[in-house]
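Chains, contacts and geometry: an overview
Now for the letters of each chain:
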Amino acid sequence: MGPHEIARRLLAIRQAELDCVPRDSRIQVPSDTAVVTLDPPSASSPYPSANRNGVTFFGCGRRVSRSDLLEILDVFSESKVQRFFFWMSPNPQEEEITGWLGDNGLKPFKGTTYPTLIRPVESVDPFPTGLAVRRVSGREVERRKDAILRIFKPWPCSFFFQCVDRGGFDQFLAYDGDTPVSAAILARQGDFAYLGWAGTAEVHRGKGGQNALIRARLNRAAELGCRVACSETLTMLKTSLGNLQRNGFETVYTKKVYVWEA
């Protein structure tokens, strides 16, 4: 599976994710050419991952034009945000779009990089750890709400609750005794599996929770007949990247990120 096809599959995962989010809490701007999010309060952040003003998957769903880009850029201009990011995933127009971005004042982001990794799906041995990993239902998620909030603290984790018991998503928890200490989600679209939304409570890191959750999700993907597993991370998150690589994931491309600043 090549980079262009992977980007298209990730776009489908992202659209399914947004379908789980209540309409009154969405920050998505309607667009048939990209996923566009607008959140002026977060525009002060200089970091792409913390700034929710951005454009993703432009050119991945269909052929786009310069006017399509200008229409999107007008959204940010009218909102008067001081900073937004454009995430370039592989697509057939990548070189052309890069030129348009430069023409409109967007510059390459100079910071951490954002690799996309894949591996074939196959059954694997469980990771040796003292933690117990289980796929959980909405009832268990609700019962363990406080523990799950602690797992992701200080980051928001509303999506873990929003997608529970929804088709195409599976939630996993890793328990130390009776206490959930790590969490993660498996999303799937056809034969494509996406491993994301992972976290471990700070005081329980180093116990193998994320490695165990990676392997549990790979085995679930194999049960579902998936062929390719994909995940994303930041190179600055060395533990996250290392866990994926140790479990057979290899970088297939690195997203190019551009920034516009007032």
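So, about the layout of surface pockets. As a volume, the second largest pocket reaches approximately 170 Å³. Within the residue set of the lining of the second largest pocket, elements represented by two or more residues are strand 7 (132-136) and helix 7 (209-223). Grouping the constituent residues of the lining of the second largest pocket by class yields 6 nonpolar, 2 polar and 4 charged.

What follows deals with the pairing of strand 12 (residues 250-261). Two strands pair when backbone bridges link them, and strand 4 (residues 83-88) and strand 12 are joined in this way by 6 bridges, in the antiparallel orientation. Of the residues in strand 12, the one forming a bridge with Trp87 is Val257. In the sheet, strand 5 (residues 107-108) pairs with strand 12 via 2 bridges, with the strands oriented antiparallel. Across the sheet, Pro108 pairs through a bridge with Tyr258, a residue of strand 12. Relative to strand 12, strand 6 (residues 114-120) is paired through 5 bridges, and the arrangement is antiparallel. When the bridges of strand 12 are listed, Leu117 appears paired with Thr251.

Between its first and last C-alpha atoms helix 7 spans 21 Å; for 15 residues at 1.5 Å apiece the expected length is 21 Å, and the two agree. Extensive coverage of helix 7 is indicated by the burial of 12 of its 15 residues. Residues of helix 7 that are buried: Gly209, Gln210, Asn211, Ala212, Leu213, Ile214, Ala216, Arg217, Leu218, Asn219, Arg220 and Ala221.

This part takes up the packing of aromatic side chains. The description of an aromatic ring pair rests on the distance of the ring centres and on the angle between the ring planes. Taken as a whole and judged by the stated rule, the model has 11 aromatic pairs. Here the aromatic rings of Phe84 and Trp260 are separated by 5.6 Å at their centres, their planes lie at 20°, and the arrangement is stacked. Linking Phe84 in strand 4 with Trp260 in strand 12, this pair joins segments that are 176 residues apart in sequence. Assessed through its relative accessible area of 26%, Trp260 is described here as partly exposed. Pairing Phe159 with Phe169 gives two aromatic rings, centres 5.5 Å apart and planes at 80°, and the pair type is edge-to-face. Note that Phe159 is positioned in helix 6 (residues 158-162) and Phe169 in strand 8 (residues 169-176), a separation of 10 residues in sequence. On the accessibility criterion, Phe159 (8% relative accessible area) is buried. By relative accessible area, which is 5% here, Phe169 ends up buried. Through pairs of rings, three or more aromatic residues link up here, namely Phe159, Phe169, Tyr194 and Trp197.

By secondary structure assignment, the location of Arg9 is in helix 1 (residues 3-20). Separated by 2.8 Å, the side chains of Arg9 and Asp191 make a polar contact.

A word on helix 2 (residues 66-79). If you check helix 2, its first and last C-alpha atoms are 20 Å apart, about what 14 residues at 1.5 Å a residue would give, namely 20 Å. Every buried residue belonging to helix 2 is among Asp68, Leu69, Ile72, Leu73 and Phe76, and all of these are buried. On its buried face, helix 2 is in contact with strand 2 (35-37), strand 3 (54-56), strand 4 and helix 3 (94-103). Of the residues one or two after helix 2, Lys80 is the one with positive phi, at around 60°.

A few words on the state of the cysteines. According to the stated counting rule, one finds 0 disulfides in the structure shown. Cys20 provides the cysteine sulfur closest to Cys163, a residue in no disulfide bond, and the two sulfurs are 5.7 Å apart. Overall, the relative accessible area of 0% leaves Cys163 in the buried class. The cysteine Cys230 is free of any disulfide, with Cys226 supplying the nearest cysteine sulfur at 12 Å.

Bringing the packing of helix 7 against helix 8 (residues 238-246) into the picture now. In contact at an axis separation of 10 Å, helix 7 and helix 8 are set at 40° when each is read in the N-to-C sense. Considering their axes alone, helix 7 and helix 8 lie oblique with respect to each other. At the point where helix 7 passes helix 8, the crossing takes the right-handed sense. The residues of helix 8 that touch helix 7, namely those facing Gln210, Asn211 and Ile214, are Asn243, Leu244 and Arg246. Across the contact of helix 7 with helix 8, the residue classes tally to 2 nonpolar, 3 polar and 1 charged.

What counts, and at which threshold
Position labels on residues start from 1 in each chain and follow its written sequence. In view of the model being predicted, local features appear only for residues whose pLDDT reaches at least 70, and side-chain atom pairs are presented and counted only at 80 or more, with totals across whole chains, interfaces and linings using the full set of residues. Calculation of side-chain values draws on the structure's entire complement of heavy atoms; hydrogens and water are dropped beforehand. Cavity means a closed set of points on a 1 Å grid over the protein atoms alone, one where a 1.4 Å probe fits but cannot get out, pocket means an open set with protein on both sides within 12 Å along at least 5 of 7 lines, and lining means a residue has an atom within 4 Å of a point. Grid points are joined across faces, edges and corners, and a volume is the space filled by probe spheres set on the points. Strands are runs of DSSP state E lasting at least two residues, helices are runs of H or I lasting at least four, and both sets are numbered from the N terminus onward. Residue type decides the class: Asp, Glu, Lys and Arg count as charged, Ala, Val, Leu, Ile, Met, Phe, Trp, Tyr, Cys and Pro as nonpolar, and the leftover types, Gly among them, as polar. Here, a strand pair is defined by DSSP locating no fewer than two bridges between the strands. Multiplying 1.5 Å by the helix residue count minus one yields the expected span of that helix. For every residue, the accessible area (1.4 Å probe, protein chains only) is compared with the maximum for its type, and the residue is labelled buried under 20%, exposed over 50%, or partly exposed between those bounds. What counts as a ring pair is set by centres within 6.5 Å for rings of Phe, Tyr and Trp (its six-membered ring), and what kind of pair is set by the plane angle: stacked under 30 degrees, edge-to-face over 60, tilted for all other angles. The definition of a polar contact used here is a pair of N or O atoms within 3.5 Å, where within protein one atom must be able to donate a hydrogen and the other to accept one, and adjacent residues in sequence count solely through side-chain atom pairs. Here, residues are in contact when the closest pair of their heavy atoms is within 4.5 Å. Note on disulfides: each one is a pair of cysteine sulfur atoms within 2.5 Å. Between the N-to-C directions of two axes lies an angle of 0 to 180 degrees, each axis being a line fitted to C-alpha atoms and, for a helix, fitted only over the stretch in contact. By the definition adopted for this analysis, an angle is roughly parallel if under 35 degrees, roughly antiparallel if over 145, roughly perpendicular if from 65 to 115, and oblique otherwise. By convention, the crossing between two helices is left-handed when the near helix turns anticlockwise from the far helix through less than a right angle, and right-handed when the turn is clockwise.

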